[in-house]
Amino acid sequence: MRTRLRRLHGSAFNRAARIACLAVGALVTHSAVAGDLNFGKAGEPVQLVVGYQPYYTQAWSGVVMRGKEFWKKYLPKGSTVEFQIGLQGAIIVNAMLAGKQHIGYMGDMPAIVATTKQNVADVRMVAAIGFGTDQCNIFLARNDAPQFKTSKEALQWLNGKQIAVPKGSCTDRFAQAVFRKEKVEPGAYLNQNIEVITSGFRAGKLDAAVVWEPTASRIVQEGLARRIASGASVGENDAAFLTMRRELIEQRPDVVKGWLNAELDAELFLADPKNAAEVTKMAAAQTTGFSEKALWMSLYGQYPESQGGTPVRNSFNFAFTPATMDLISKSAVFLQSIKSINVDKLRPEAVVPDFTTAVLKERGLKAPVGEVRAMAASEFKGN
């Protein structure tokens, strides 16, 4: 698999990334209608297809699940799991709605969108796999921008500037929240995918952009732009979720519970700083175009407070906490406002909290189950 991934480089990777990024602006517009799926009876082996995002750091519990195979401990003997990479959440959403994937790891925006397409297929959120302030919410500025003393100063510099985001994504929600809070009026607010944003910084044609990890750290590590602010600068959160098809939830609660026990193991593994090097190597093996240093910085690296750095890079709530539900509510309102969904409040069954609550109780844990605390760049020991 790694050999195949490494072939997806240069222009081929850029074309794939461009297609995936364009999908964000029109999530789930051409999904095939899928009939009910049959996952068998309790205790029987199950064949699962899992979509996950190694290109979104906050959803890296999927990377660990693939690399460490914790699911083998909990699923019925003889079960199989196929992991399929999605360059962005929209790709996974479409595959789940079409019945080609049964479990999905994705950011908050595509997860929310997926739950509103029940006329195509019924997808629900079953766990909160990441919660933070600087995984999706990261402002970058061109290298010759002034040396700002604070993030607030940097955000004011954005007035009248050309700013790009992949619209319809978590970066769009964050950017617009910042504009309202800080009374920023950009000269132009551009809808650009990650490839175009990267090229714009390289060519000196872009003032600023909002991107997610690990792309943000890659752009910084390559010297194409500087980090100037994040959600930590203005009190804005970002998140990632685990989604499942309704049929799997209803037919195989034993599988759902087993998968969530394995997911909990993966989150605890991620939260342990002793595993940082191993996690980074797993992410490097499952992605292309990223250095180990950029991948490590995206989850474990420490950035100055003046650049929106925060002591906690990611929290693993696992269960649906009040803060998580508040973010879901705000995101739904935003998605309705830009016409990505046709409701401003999710149906009650869109979020299924019972399984994570039961798993935490049985294992004597409470949310959050762990967190990744930022480490000095000097602690990186990879290539």
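Here, the structure is the one placed above.
Reading guide: rules and limits
- Residues numbered from 1 in each chain as written.
- Predicted model: local features only at pLDDT ≥ 70, side-chain atom pairs only at ≥ 80, totals over all residues.
- Heavy atoms only, no water.
- Salt bridge = Lys/Arg side-chain N within 4 Å of Asp/Glu carboxyl O.
- Helix = DSSP H or I, 4+ residues; strand = E, 2+ residues; numbered from the N terminus.
- Buried < 20%, exposed > 50% of the residue type's maximum accessible area, 1.4 Å probe, protein only.
- Axes fitted to C-alpha atoms, helices over the stretch in contact; angles between N-to-C directions.
- Parallel < 35°, antiparallel > 145°, perpendicular 65-115°, else oblique.
- Left-handed = near helix turned anticlockwise from the far one by under 90°.
- Contact = heavy atoms within 4.5 Å.
- Polar contact = N/O pair within 3.5 Å; in protein donor to acceptor, adjacent residues only side chain to side chain.
- Phe/Tyr/Trp six-rings, centres within 6.5 Å; stacked < 30°, edge-to-face > 60°.
- Lys NZ or Arg CZ within 6 Å of the ring centre and 35° of its normal.
- Pairing = 2+ DSSP bridges.

(A) Spatial organisation of the pattern of salt bridges. Under the definition given, this model contains 24 salt bridges. Where Asp134 meets Arg313, a salt bridge forms, and the shortest distance between an N and an O atom there is 3.0 Å. With Asp134 in the loop between strand 4 (123-132) and strand 5 (138-141) and Arg313 in strand 11 (residues 312-316), this pair connects stretches of sequence that are 179 residues apart. Between Glu236 and Lys181 there is a salt bridge, and its shortest N-O distance comes to 2.9 Å. Residue Glu236 is located in the loop between helix 10 (231-234) and strand 10 (238-245), and its partner Lys181 is located in helix 7 (residues 170-182); the two are separated by 55 residues in the primary sequence. Residue classification places Glu236 among the buried residues on the basis of a relative accessible area of 9%. Through salt bridges with shared partners, one network takes in Asp36, Asp122, Arg124, Arg246, Glu250, Arg347 and Glu349.

(B) Main features of the packing of helix 12 (residues 253-271) against helix 16 (residues 354-362). The N-to-C vectors of helix 12 and helix 16 enclose an angle of 60°; their axes lie 10 Å apart at closest approach. Regarding the angle of helix 12 to helix 16, the classification is oblique. Remark: the crossing between helix 12 and helix 16 carries right-handed chirality. Taken together, the residues of helix 16 that come into contact with helix 12 (itself represented by Pro253, Val256, Lys257, Leu260, Asn261 and Leu264) are Phe355, Thr356, Val359, Leu360 and Glu362.

(C) Here's a closer look at helix 8 (residues 194-203). When we look at burial in helix 8, the residues that qualify are Ile194, Glu195, Ile197, Thr198, Gly200 and Phe201. If you check the start of helix 8, you find a side-chain oxygen 3.0 Å away from the backbone N of Glu195, and it comes from Asn193. Trailing helix 8 by a residue or two, Gly204 shows a phi angle of about 70°, which is positive.

(D) Here's a closer look at the packing of aromatic side chains. One pass over the full model with this rule turns up 10 aromatic pairs. For the ring pair Phe139 and Phe174, a centre distance of 5.7 Å and an interplane angle of 55° mean the geometry is tilted. Here Phe139 is found in strand 5, whereas its partner Phe174 is found in helix 7, with 35 residues between them in sequence. An identical accessibility class is assigned to Phe139 and Phe174; each is buried. By way of ring pairs, the aromatic residues Tyr52, Phe83 and Trp259 are connected into one cluster. Sitting above the plane of the Tyr303 ring, Arg227 keeps its charged end 4.3 Å from the centroid.

(E) Quick look at the sheet that holds strand 8 (residues 208-211). Spatial strand order, 7-6-8-5-9: 5 strands in an open sheet with mixed pairing. Edge positions in the open sheet fall to strand 7 (188-191) and strand 9 (226-230), since each of these has one partner strand only. If you compare each strand with its neighbour and ignore which way they point, the axes differ by 25° on average. Here 4 bridges tie strand 5 to strand 8, and the two strands are oriented antiparallel to one another. Bridge assignment links Ala141 to a residue of strand 8, and that residue is Ala208. Along the sheet face, helix 7 touches strand 5, strand 6 (162-165), strand 7, strand 8 and strand 9 and points at about 80° away from the line of strand 5. Strand contacts of helix 8: strand 5, strand 6 and strand 8, with the helix running at about 145° to strand 8, the strand carrying the most contacts.

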